[in-house]
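Observations on the model geometry
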Amino acid sequence: MTQMIEITVQKAAIECLKELGYTYKEGNSLQRDLKKVVLEEDLRKFLVSSYPGVPATAINEALSAFTQHQGMDLDHRNRDFHLKMTQGVSITWKDASGKEQARHLYPINYKEPEKNTFVCADEVKIIGKNSRRTDLLVFINGLPLIVFEFKNMFDPEVGVENAHRQIGHYFQDIPQLFDYNAITVVSDGLETLHGMYNSSLKWFAPWKSRHGDDLQQKQELQLETLLKGLFPKKTLLYYLQNFIFHEDHNGKIIKKGAKYHQYWGIKKAVDSAVENIKPTGDGRLGVIWHTQGSGKSISMAILTGILRQMPEMKNPTILIQVDRNDLDQQLYENFVLCKDLVGHVQHADTTDELRALLSTDGGGVIFTTIEKFRLKELASGKELSHPVLSERTNLIVMADEAHRTQYGFHSGGFAQNIRRALPNASFIGFTGTPVDGKDADTQQVFGPTIHTYDIKQAVEDGATVPIYYEPKMVPLNIKAKYDKELDEMEEDEDEENNAVWAAIEDAAGANDRVERVAKDILTHFRARTESLEGKAMIVCMSRKNCVKMYNALTALEGCPEIAVIMTGNISKDPTEWNPHIRTKEAMEAIKKRFRTPEDPLQIVIVRDMWLTGFDAPCAHTMYVDKIMKGHNLMQAIARVNRVFQDKPNGLVVDFIGISGFLAEATKKYTAGGGEGKPTLDLEAAVEICLEQLEKVKDLIGEFSAETVNSMPEMDRLKWCNSKVNSLLKSDAVTDAFLLEERKLAELVAMTSSDPRIWEIQEELAIIQKIRQLIRKIKFPPGPRREKNEKIKDLISKSLESQEIVDLAKMYNLDKIDISIVDDRFQAIVKEKGDENIKVELLRRIINDEIRVRMPKNIRRMRKLKDELEKVLSNYHRNSLDSIAAIKHLLDIANEFQQDDIRTRQLGLTEDELAFYDLLSANEKLLNQSGPIQDLVHTVVASVKKNLQLDWTKKEDARAAIRLAVKKELRGKVPFSELDNLLKEVIEQAEGQYRDWPLEA
């Protein structure tokens, strides 16, 4: 039976692309210089047919522009090409009369997909620093824009991370391919992810929707969903033109591409804009609700870029409007980074600047805060109403965090002022929290919610991590009446001048309470970072309380570096606050420090700043000592939901009692149509962790850490080996243990700050030692294992000094190969005890050897593989005991050594032995006077003489080899059997010399 390898996944992808109208070509049939990656004739034909009035010299100039890119490094060249691919190039020439002509040329016709050529080609060889062969390339008009890398769906040892790693090798060896690369796809048939060529695997993502609303896709359909969702020609071109961009971070280029929820949300927003923009529509373009941390600012930038380019929008002005200065600055900085999409961005720092910018007729992007639509104080008194600034219809207000509190229609309210200032503007809202169903003002301004991406979907997709909630309330000494009044306070009521707020602030800031909270925070944070490196934010009621918390924490022994993040008022603030007041430049510097994982700044204390629009992915814990409600609370806790390395979750630790407000926020969230909870209960997680520990101990066999630790060294070694041996008795038992232990490790990382988890650390350490040993025996070390072992082990010091002897280390498993199955090794394996471990060791050795030798001797290796599977099957069904199984496995291993001896004795080369076995098996058919070796030499020589690049895919090359071998066998084999024997010889040649000349 033909091996089912990545070719199977590759062929499935090709079939799907053919269904979508792509033309399939074998890689070796492409007419090109192997050192170049563009099909230049295809590109030339497209330019000639698309621009018939442009002379050949100008076409040549455009061709050069599209194939020669500026930039000292690959990332800059990729950006240069991408801008030319999406924005075109201007070419000038002189006509026959000497008059200068100009034309803007694009390498792709984005409006008419069928006017382009779409070619998918497999096994495309490219010669760079090394010779490489890509699994599948998609060329559009000869430009190699998409690369696919596949891995074997049926090999348990490889997955998409191996495919991603191979892209990294291509990146080094054939960099010229990535000058043009727009999208990279990695797949093992089950998991299929798309991303940017230079991104780490964590930024690759599935494409979960074909049409925008069908989000629930089965795992096995990931490849089909990606191809049928993203690769229809019209969709792909729209994505290539609008949804990929490069950010320039002080010379370091970061390439980004939209995820599926961003694509479909923006697509719906564009369709709504076309339908509802004034004067043909009512100007309400809708609300996009994408949960915090899922790339909302990028979505806003992409939508802005698309709207600005649409001819029907007639060079619109996009007014980006937010409700707070810190959010405004963060979003503005994100837009500046996206300048390839949005163009030049202007910032209105004052009401006068805003009015001046909006009074002009030109298009563009303007940033402002909503309060700049206030009524001005004039010499004659305050304005009675806001003046009209522009009556243009191609003016779109894009609001971040669209909620009713920002859009009151009362006299002098901001919503009324905006409508007076811009009577013909259209409005679209973005939010990370749901719009209340009773929120009439928001509906009135923006219209209905047109696309939702909620917490549940974001966590499932890995776009955000789940947030857990841990109550640690330290009581407030306040009168009961304040509790009731606090509940009745509106979410955005003026806190500074509220008596209730002042009372709670004083109670929260009582010296003895602050000291107790500080002590608890430090203990908790140190315990959490034992198993999960990261940073924390502390939220306090007031600036005064922030400073108090700083003083209390820094007075404690072992306190890491901390900073208070707050604004200052020099004329009013106490002088002792001065060290915490920073210039704009100093604030940017400390923001950068906190975002840098390895920087020693571990904790920041905030009141309002950094609670919205601030991303520090390495922050995993928020300590809350401030009353927050509704969307303010939801925005704040989302600071710890960003994806970062091995971070399994964010954690909110509540010291002041926000659980009721969280419940209310959750109720509002689900009422708005979202699924998933803003936070999950840590108490429940601890209980689940303890239950999971018992489940794992049941698999191992009940034990106590105290008993194990009190054992003599040799007894502990024997005990450990007996547990490992029992867990390796079958694949089902081993897999069950590794799965359940993995769940336990993740739960421990989440809950490690709880004292109940501290009490079980000794038992956890023993379990982790057993897991380490089993994984070492079961799986070879490497990057895949590294990924699976990211969660840090909670190994206690007492066990570190009593390390369990590593059996795999004793057998030198890291470097093991067939040569180790010698007399010494056989003697160890034949000793009594640990039979399951030894069966697993031998299985791995033999499997690896079969994999290496399979191409060189297909017939024989298939026979030995069948024998191996039969032995293991009988062993796992208990129809063969472990001693007999080991004997059979050693017999199979010995056959490899006998093959090596036989090769030398017969005077054959290693690759000739397979042909010798093949011909020997048909010895009765042979009419051969001399030794069979002579015929083997001539047959192999005739095969090698006719090999050429990609010969297995060229029928004429295969025919030449068949003819040469047939000539050698004619007269030596009966005519009736010649074709059958010839077929076997060619099959062996294909397995052995498929990648010639790489094996040569």
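Residues numbered from 1 in each chain as written. Predicted model: local features only at pLDDT ≥ 70, side-chain atom pairs only at ≥ 80, totals over all residues. Heavy atoms only, no water.

Topic: the overall build of the protein chain
- Looking only at helices and strands, the protein chain features 39 helices and 26 strands.
- Expressed as a percentage of the 1000 residues in the protein chain, the buried residues total 54%.
- For the protein chain, the proportion of contacts with a sequence separation of at least 24, taken over those separated by at least 6, is 73%.
- Carbon and sulfur atoms provide 50% of the accessible area of the protein chain, an area that totals close to 44,200 Å². (Helix = DSSP H or I, 4+ residues; strand = E, 2+ residues; numbered from the N terminus. Buried < 20%, exposed > 50% of the residue type's maximum accessible area, 1.4 Å probe, protein only. Contact = heavy atoms within 4.5 Å. Areas by Shrake-Rupley, 256 points an atom, 1.4 Å probe, with all protein chains shown as cover.)

Focus: the sheet that holds strand β8 (residues 192-195)
- Within the open sheet, the 6 strands sit side by side as β1-β4-β5-β6-β7-β8. Their pairing is mixed. Looking at which strands have only one partner, the edges of the open sheet turn out to be β1 (23-26) and β8. Strand-to-strand twist across the sheet, computed as the mean angle between neighbouring axes with direction ignored, equals 25°.
- Where strand β4 (residues 118-127) meets strand β5 (residues 131-140), 9 bridges bridge the pair, whose relative direction is antiparallel. Bridging across to β5, lysine 125 finds its partner in arginine 133.
- Running at roughly 140° to strand β7 (residues 183-187), helix α5 (residues 160-173) makes contact with β5, β6 (143-150), β7 and β8 of the sheet. (Pairing = 2+ DSSP bridges. Axes fitted to C-alpha atoms, helices over the stretch in contact; angles between N-to-C directions.)

A few points about helix α18 (residues 511-531)
- For α18, built from 21 residues, the straight-helix expectation of 30 Å at 1.5 Å per residue is met to within 8% by its first-to-last C-alpha distance of 31 Å.
- Residues of α18 that are buried include every one of Arg513, Val514, Val517, Ala518, Ile521, Leu522, His524, Phe525, Ala527, Arg528 and Ser531, and no others. (Expected span 1.5 Å × (residues − 1).)

Quick word on the pairing of strand β3 (residues 100-105)
- Inspection of the sheet shows strand β2 (residues 89-94) paired to β3 by 6 bridges, in the antiparallel sense. Residue pairing across strands places lysine 94 opposite glutamate 100, the latter belonging to β3.
- The loop that links β2 with its antiparallel partner β3 comprises 5 residues; one of these, glycine 98, has a positive phi angle of about 90°.

Quick notes on the side chain of glutamate 383
- Position of glutamate 383 relative to the elements: it lies in the loop between β16 (381-382) and β17 (395-400).
- Classification of glutamate 383 as buried rests on a relative accessible area of 13%.
- Among the polar contacts made by the side chain of glutamate 383, one reaches the side chain of arginine 355 at a distance of 2.9 Å.
- A polar atom in the side chain of glutamate 383 sits 2.9 Å from the backbone nitrogen of lysine 376.
- Glutamate 383 has contacts with Arg355, Arg374, Leu375, Lys376 and Leu378, leaving out every residue within four places of it along the chain. (Polar contact = N/O pair within 3.5 Å; in protein donor to acceptor, adjacent residues only side chain to side chain.)

Observations concerning the pairing of β7
- Of all 5 residues in β7, 5 are buried, a share of seventy percent or more.
- Burial along β7 is two-sided: the residues Ile183, Val185 and Ser187 and Thr184 and Val186 are all buried.
- The sheet contact formed by β6 and β7 spans 5 bridges and is parallel. The residue of β7 that forms the bridge with valine 147 is threonine 184.
- Here 4 bridges tie β7 to β8, and the two strands are oriented antiparallel to one another. By the bridge assignment for β8, threonine 184 is matched with glycine 195.
- Following β7, the chain reverses through 4 residues before pairing antiparallel with β8; glycine 189 in that reversal takes a positive phi of roughly 90°.

So, the confidence of the model for the protein chain
- For the protein chain, per-residue confidence averages 80 on the pLDDT scale, and 82% of positions sit at 70 or higher.
- Confidence drops under a pLDDT of 50 for residues 781-820, and excluding neighbours within four residues, the segment shows 90 contacts in the predicted structure. (pLDDT = per-residue confidence, 0-100.)

Digging into the sheet that holds strand β19 (residues 449-453)
- With parallel pairing, the 7 strands of this open sheet are ordered in space as β13-β14-β12-β17-β18-β11-β19. Because the sheet does not close on itself, it has two edges, and the strands there are β13 (345-347) and β19. When the angles between neighbouring strand axes are averaged without regard to direction, this sheet yields 20°.
- Both strand β11 (residues 284-290) and strand β18 (residues 426-431) contribute to a ladder of 5 bridges, which runs parallel. Bridge pairing in β18 links valine 287 to glycine 429.
- Strand contacts of helix α12 (residues 351-358): β12 (317-322), β13, β14 (364-369) and β17, with the helix running at about 155° to β14, the strand carrying the most contacts.

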